[in-house]
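If you want the building blocks of each chain, they are given just below.
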Amino acid sequence: MKHLSGRGCARIAAVGVLLAATALDVLYTGGTGTPLWPPAIVLPVALLAVLWPAGLRPDWLTPQLRTAVPAILSLLYTAHTLLPGRTGMFGPGESALLLCLLFIAVRHCPRPWALVCGVLDAAALVSSPVRWFGTFRGDAVAFVLLGLVLVGLVTGLAAYLRSQDYRRTVAVGETRRSERVAIAADLHDFVAHHVTGILVQTQVARMMAASRTNDVNPVLAGIEHAATEALSSMRRTVGVLRDTGPESAGRRPVGDLAGITDLAEHFAGPIQKVTVHRDPAVPGDLPHEVQAGAFRVVQEALTNVRRHAGDATEITVRLDCAEGRLRVSVADDGRGGSQLPEDARGGGFGLVGLTERVTALGGSLHAGPRAGAGYGWEVRAEFPVRRR
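About the criteria used
- Within each chain, residues carry numbers counting from 1 in the order of the written sequence.
- Side-chain atom pairs in this predicted model are given and counted only at pLDDT of 80 or more, local residue features only at pLDDT of at least 70, and totals for whole chains, interfaces and linings cover all residues.
- The side-chain quantities take in all heavy atoms of the structure and omit both hydrogens and water.
- Each residue gets one of three labels from its accessible area relative to the maximum for its type: buried under 20%, exposed over 50%, partly exposed in between, using a 1.4 Å probe on protein chains only.
- Numbered from the N terminus, helices here are DSSP runs of H or I no shorter than four residues, and strands are runs of E no shorter than two.
- Note on pairing: DSSP must find at least two bridges between two strands before they are called paired.
- With the strands aimed away from the viewer, a crossover counts as right-handed if its path from the first strand over the helix to the second runs clockwise.
- Axes, fitted as lines to C-alpha atoms, cover a helix only where it is in contact. Angles between the N-to-C directions of the axes lie from 0 to 180 degrees.
- Note that the term roughly parallel is reserved for angles under 35 degrees, roughly antiparallel for angles over 145, roughly perpendicular for angles of 65 to 115, and oblique for everything else.
- Each crossing gets its handedness from the near helix: less than a right angle anticlockwise from the far helix is left-handed, clockwise is right-handed.
- Between two residues, a contact is recorded if the distance between any of their heavy atoms is within 4.5 Å.
- As a per-residue measure, pLDDT reflects the predictor's confidence and takes values from 0 up to 100.
- Residue count minus one, scaled by 1.5 Å, sets the expected span of a helix.

Observations regarding the pairing of strand β2 (residues 314-322)
Inference 1: Only one face of β2 is covered, namely the one carrying Ile315, Val317, Leu319 and Cys321; the face carrying Glu314, Thr316, Arg318, Asp320 and Ala322 has none of its residues buried.
Inference 2: Where strand β1 (residues 273-278) lies against β2, 6 bridges are found, and the strand directions are parallel. For arginine 278, the partnering residue across the bridge sits in β2 and is leucine 319.
Inference 3: In this fold, the crossover linking β1 to β2 by way of helix α10 (residues 288-308) has left-handed handedness.
Inference 4: Note that β2 and strand β3 (residues 325-332) share 8 bridges and pair antiparallel. Across the sheet, the residue bridging to leucine 319 is valine 328, located in β3.
Inference 5: The hairpin formed by β2 and β3 contains 2 residues between the paired strands, and glutamate 323 there has a positive phi angle of roughly 55°.

Side note on the packing of helix α2 (residues 37-51) against helix α3 (residues 63-81)
Inference 1: Relative orientation of the contacting elements α2 and α3 amounts to 165°, with a least axis distance of 9 Å. With respect to α3, the axis of α2 lies roughly antiparallel. For the element pair α2 and α3, the recorded crossing hand is left-handed. For the pair formed by α2 and α3, the contact residues are Trp37, Pro38, Pro39, Ile41, Val42, Val45, Ala46, Ala49 and Val50 on the first element and Arg66, Val69, Pro70, Leu73, Ser74, Tyr77 and His80 on the second.

Quick word on the confidence of the model for the protein
Inference 1: Per-residue confidence for the protein averages 78 on the pLDDT scale, and 74% of its residues sit at or above 70.
Inference 2: Mean pLDDT across the elements of the protein ranges from a minimum in helix α8 (residues 216-237), with 65, to a maximum in helix α5 (residues 113-127), with 93.
Inference 3: Note that residues 242-253 has pLDDT below 50 and, in this model, 14 contacts with residues that lie over four places away or in other chains.
Inference 4: Predicted confidence is poor over residues 339-347, with pLDDT under 50, and the contacts of this stretch with residues over four places away or in other chains come to 9 contacts.

Brief notes about α3
Inference 1: Helix length check: α3, at 19 residues, gives a terminal C-alpha distance of 28 Å against a target of 27 Å (1.5 Å per residue), a fit within 8%.
Inference 2: Along α3, the residues that are buried comprise Gln64, Arg66, Thr67, Ala68, Pro70, Ala71, Ser74, Tyr77, Thr78, His80 and Thr81.
Inference 3: In this structure, the buried residues of α3 make contact with α2, α4 (92-108), α5 and α6 (130-133).

Rendered as structure tokens:
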């Protein structure tokens, strides 16, 4: 049986607390003799709004609908108790559910719905003591003040997390854009290389056309091959360059498979050994963009070892080719130790850009713990290849 993660256990415990608190509300209401039908409407709707699994929610169940409807029902319940001869209860279950809905509203509802739904949830929570006390004066004031404090704490936490979500979204977008600019620069280099060859061979063919007609066919075949390579390179990468401009400043040099060995040798430290295993079946004439992609995978993986696994002693780089795919993997035996300060470890956006590059070439990327080892990390990438 698989063990539950700490996060999974925490979620189960939170659900249990909510259900227990809701049951307590029902018991309180029944014990005081107040009508049970209003809580029987409000509490199940609020529970469904909070606990409905994300993967099973229909499209129409938006965050604003989930957070507004229970709050409106709660406010109607409170308004009903203000009628002559009416009374009602408020308890920890409904209060906890309204706080959860307030958190969802502030963090996940789109603007300006976040403000509208947040106000509704806060108003429903703060006004609920009126059901029992019939007024905002006297003993009700303490409950109202406590509700305001809880509203402020939950709103502040949700707003902070929403700002963090926004910052990460912006950072991911900038990382992807930077990587696309780098891919555009590489694409320029690939196409320029082939087009220059086409130009030179065309000039040679023109000079040979008059006197050496029999030797023209091999030159024309070379022109055709170079043109095919240029179009192939462009087709594999142009799909991700929709929003980039003609920027070319700060372009990085394009690596290749031969450069991986030099990269590994320069990376190794006093306690670290980097071993490169290259299958003899891996051809040396793979397309330029595939070699550059493999080089970037190894470069980013080794950089992450230095940032996040400074205690690693054995790092293995493997290159093999089978079934028309180039496989690149970098594995280490680190346990997470690093001598770098926190600000120098990066925010995990290098893998975002790397995924953008690998996907642009029709490949796939995986990064995670080493399978079966219990420690260490591994980055694996696959590229579809075609010999030039």
